[in-house]
Amino acid sequence: MILAPSILSADFSHLREDVAAVEQAGAQYLHIDVMDGHFVPNISFGAPIITSIRKQSNMVFDVHLMISDPLRYIDDFAKAGADIITFHIGCDSDVDKTLDAIRAHGIRAGLAVNPDVPVETMFPYKDKIDMALIMSVYAGFGGQSYIPEVNEKIRAARDFFGPDFDVEVDGGIKPDNKHIPLSFGANVLVAGSAVFGAPDITAAAKAFLAE
Ligand code: DX5
Ligand code: ZN
């Protein structure tokens with residue numbers, strides 16, 4: 001499995017040290033939650049934060065855009081150092097144009113579905129995406145509880161996209177329930193509060209990566 005700790009739950013006053021801790025623990029992706037206060041109620045941060053941490057980390061930067069008009073900002077996030085840019089089915093941007101804009105930068109593209117959005121809405125874009133992000137909470141806040149009704153969506157995504165494809169699950173995942181999304185076919189697990197909210201970040205990341 002690939003662990004993608006979400007910096008949404010990090011203490012930004014020591015972000016460099018905390019990102020280094022999860023990288024050293026073996027986490028491969030760094031999940032970066034961008035919120036605009038419009039597509040979701042919260043505002044998190046934008047491209048300048050990514051530019052700053054890009055200088056200090058070799059992890060795969062997995063940028064999750066919870067914003068209404070992702071197309072308008074793809075260039076900014078690509079230039080800031082994103083390796084993967086994911087946006088939501090149901091945003092205001094044209095999905096094809098946005099995927100094309102991401103791939104034009106030579107980086108990976110992903111689509112995300114909230115719990116109430118059918119997984120099949122991603123299927124027509126199979127040839128243009130590298131990742132399917134199944135939200136296991138409603139996008140917008142860290143620290144929510146895993147919604148088990150999404151399990152069958154994870155299975156459907158894995159069945160449709162095949163074995164060599166990132167199926168990422170995001171929200172409410174802890175070391176003691178990680179086996180659930182994994183058993184339904186996820187290979188990338190996002191964890192915010194369970195990693196960056198833990199007293200020992202390195203130990204928390206290692207607990208996820210242990211068998
Ligand atoms: C929610 C974000 C998540 C969040 C996960 O809108 O997309 O990535 O940071 O946080 P936890 O792991 O605390 O549910
Ligand atoms: Zn996320």
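A few points on the structure.

Rules behind the numbers
- Residues numbered from 1 in each chain as written.
- Chains lettered and ligands numbered in written order.
- Predicted model: local features only at pLDDT ≥ 70, side-chain atom pairs only at ≥ 80, totals over all residues.
- Heavy atoms only, no water.
- Helix = DSSP H or I, 4+ residues; strand = E, 2+ residues; numbered from the N terminus.
- Buried < 20%, exposed > 50% of the residue type's maximum accessible area, 1.4 Å probe, protein only.
- Contact = heavy atoms within 4.5 Å.
- Donors = N, O, S within 2.8 Å, 3.2 Å for Na, K, Ca; no water.
- Tetrahedral: all angles 85-135°; square planar, octahedral: opposite > 155°, others 65-115°.
- Arc of directions from axis to C-beta.

## Some remarks on the environment of G192
Right, so step 1: Mapped onto the elements, G192 comes out in the loop between β8 (188–191) and α7 (193–196).
Right, so step 2: The class for G192 is buried, based on a relative accessible area of 16%.
Right, so step 3: C-alpha separation for the pair G192 and D33, spaced 159 residues apart in sequence, amounts to 9.8 Å.
Right, so step 4: Look past the residues within four positions of G192 in its chain and what remains in contact with it is S6, S9 and G197.

## Section: the coordination of the zinc ion (ligand 2)
Right, so step 1: Donor atoms from the polypeptide that coordinate the zinc ion (ligand 2) comprise H31 (NE2), D33 (OD), H64 (ND1) and D170 (OD), at 2.1 to 2.3 Å from the metal.
Right, so step 2: One way to put it: the six donor atoms around the zinc ion (ligand 2) meet at angles of 70 to 172 degrees, and that makes the site octahedral.
Right, so step 3: If you list the donors of the zinc ion (ligand 2) from N- to C-terminus, the spacing comes out as H-x1-D-x30-H-x105-D. Remark: D170 occurs in strand β7 (residues 166–170) and H64 occurs in strand β3 (residues 60–66); sequence separation between them is 106 residues.

## So, helix α1 (residues 15–25)
Right, so step 1: Every buried residue of α1 is listed here: L15, D18, V19, A21, V22 and A25. The buried residues of α1 occupy an angular sector of 155 degrees when the element is viewed end-on, so they sit on one face. Summarising the geometry of α1, the exposed residues directed more than 90 degrees from the buried face are R16 and Q24.
Right, so step 2: Residues of α1 that are buried make contact with β1 (2–5), β2 (29–35), α2 (47–54), α7 and α8 (201–209).

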